[in-house]
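Each chain, written out:
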Amino acid sequence: MFQKPPPKATEVNDNPSENFSEKLAQTRQLLEQAARDFSPCVQASSLGAEDMAITTLIQQLDLSVHVFVLDTGALHTETLSLLERVQARATKRSSVLVYKPELTAVIDFIRREGQDSIYKTQTLRKECCAIRKLEPLSRALAGQKAWITGLRSEQSTNRAQMQLIEEDFQAGQAITKFSPLMHWTWGDVWHFLRTYSVDYNPLHDEFYPSIGCAPCTRAISMGEDFRAGRWWWEDASAKECGLHQK
Ligand code: SF4
């Protein structure tokens, strides 16, 4: 018997706020401000739904803002395939740069602590994040005046305290952080992706709202918190890798 395919994330999640057009206008204005007044500035992309929306807006506005992706060496194949597609569509004014961890540091960590050490203690999990994410992040942000992120306030209590524009400290330097989707809802993000037919990670169709490294990301069930699928074995209050710690 013919079985109806499961609905796509775009169909399930497209639910814009009443004031979505004002939010979109504000986001465009913030991106233009970042590119104009804080050059050089970069977009940090995890290739998640929010970041795909921002990269699309940067290209639509033809801004001189490069995009960087941290390839931790532990990403899903779906994410790596999307990265290839995003690189193929990159423009001269907005190229896509990939930063990887130092191979020797990764090998030393695995030899010393074992392949599954990230599940043993939060200290070891954070050490893995420091090697695979924070050190490459510091190289990606070196010399930049600002960075643009896809953080939204409804993602977590930590993120709810963040602002559209705030002063940050990364890679031993002060840097301005723009989070132009801060007030967007999940429904706003998907309304944008659907309206502009934006490519996205197919894992979103399989109930992965937040996508990170494969060993540390799982699908969520109905009613679970947005970030329940990230580091699910840890205390909910510690669900950050250090990139956006307040
Ligand atoms: S998210 Fe998991 S695999 Fe990725 S860097 Fe952090 S601990 Fe390591």
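Residues numbered from 1 in each chain as written. Predicted model: local features only at pLDDT ≥ 70, side-chain atom pairs only at ≥ 80, totals over all residues. Heavy atoms only, no water.

Turning our attention to the site of the ligand. All residues adjacent to the ligand are Ile118, Arg125, Cys128, Cys129, Arg132, Lys133, Cys213, Cys216 and Trp231. If you map the ligand onto the pockets, it falls in the second largest pocket. Residues of the shell around the ligand, tallied by class, amount to 6 nonpolar, no polar and 3 charged. (Near = heavy atom within 4 Å. 1 Å grid on protein atoms, 1.4 Å probe; cavity = no way out; pocket = protein on both sides within 12 Å on 5 of 7 lines; lining within 4 Å. Sits in = over half its atoms within 2 Å of the grid points. Nonpolar A, V, L, I, M, F, W, Y, C, P; charged D, E, K, R; others polar.)

Here the focus is the environment of lysine 126. Here lysine 126 is to be found in helix 6 (residues 122–141). Given a relative accessible area of 36%, lysine 126 falls into the partly exposed group. Sequence-wise, lysine 126 and serine 210 are 84 residues apart; in three dimensions their C-alpha atoms are separated by 18 Å. (Helix = DSSP H or I, 4+ residues; strand = E, 2+ residues; numbered from the N terminus. Buried < 20%, exposed > 50% of the residue type's maximum accessible area, 1.4 Å probe, protein only.)

With that settled, consider the packing of aromatic side chains. Summed over the entire model, instances satisfying the criterion amount to 9 aromatic pairs. Ring geometry for phenylalanine 38 versus phenylalanine 178: centroids 5.2 Å apart, planes at 75°, classification edge-to-face. With a gap of 140 residues between them, phenylalanine 38 in the loop between helix 2 (20–37) and strand 1 (41–44) and phenylalanine 178 in strand 6 (residues 173–178) connect regions that are remote in the sequence. Given the relative accessible area of 1%, phenylalanine 178 is considered buried. (Phe/Tyr/Trp six-rings, centres within 6.5 Å; stacked < 30°, edge-to-face > 60°.)

Ile148, Trp190, Phe192 and Leu193 are the most contacted members of the largest nonpolar core, which has 40 residues in total. Within the residue set of this core, elements represented by two or more residues are helix 2, helix 3 (49–60), strand 2 (66–70), helix 4 (77–89), strand 4 (146–148) and helix 8 (186–195). Ignoring sequence-local partners within four residues, the contact set of isoleucine 148 consists of Leu31, Ala34, Cys41, Val42, Gln43, Ala44, Ile54, Val65, Phe178 and Pro180. Counting 11 residues, the second-largest nonpolar core is a separate cluster that includes Ala44, Phe68, Leu70 and Tyr99. (Core = buried A, V, L, I, M, F, W, Y, C linked by side-chain atoms within 4.5 Å. Contact = heavy atoms within 4.5 Å.)

A water-sized probe rolled over the atoms picks out the places where empty space is left. What the rule picks out here adds up to 1 cavity of 30 Å³ or more. Within this model, the largest cavity holds a volume of roughly 560 Å³. Lining the largest cavity are 33 residues; nearest its centre among them are Ser46, Asp51, Ile211, Arg230 and His244. Within the residue set of the lining of the largest cavity, elements represented by two or more residues are helix 3 and strand 2. (Points joined across faces, edges and corners; volume = space filled by probe spheres on them.)

Moving on: the sheet that holds strand 6. Spatial strand order, 3-2-1-4-6-5: 6 strands in an open sheet with mixed pairing. Each of the sheet's edge strands pairs with one partner strand only, and the pair in question is strand 3 (96–99) and strand 5 (165–170). Strand-to-strand twist of the sheet, defined as the mean angle between neighbouring strand axes without regard to direction, takes the value 35°. Relative to strand 4, strand 1 is paired through 3 bridges, and the arrangement is parallel. Within the sheet, the bridge partner assigned to cysteine 41 lies in strand 4 and is alanine 146. Sheet contacts for helix 3: strand 1, strand 2 and strand 4; angle to strand 1, the most-contacted strand, approximately 145°. Docked against the sheet, helix 6 engages strand 1, strand 2, strand 3, strand 4, strand 5 and strand 6, running at close to 165° with respect to strand 2. (Pairing = 2+ DSSP bridges. Axes fitted to C-alpha atoms, helices over the stretch in contact; angles between N-to-C directions.)

Moving on: the environment of arginine 132. Mapped onto the elements of the fold, arginine 132 is located in helix 6. Using a relative accessible area of 15% as the deciding quantity, one classes arginine 132 as buried. Among all residues touching arginine 132, those that are not within four sequence positions of it are Thr72, Gly73, Ala74, Pro101, Val106 and Ile110. In this structure the side chain of arginine 132 is engaged in a polar contact, spanning 2.7 Å, whose partner is the backbone oxygen of threonine 72. (Polar contact = N/O pair within 3.5 Å; in protein donor to acceptor, adjacent residues only side chain to side chain.)

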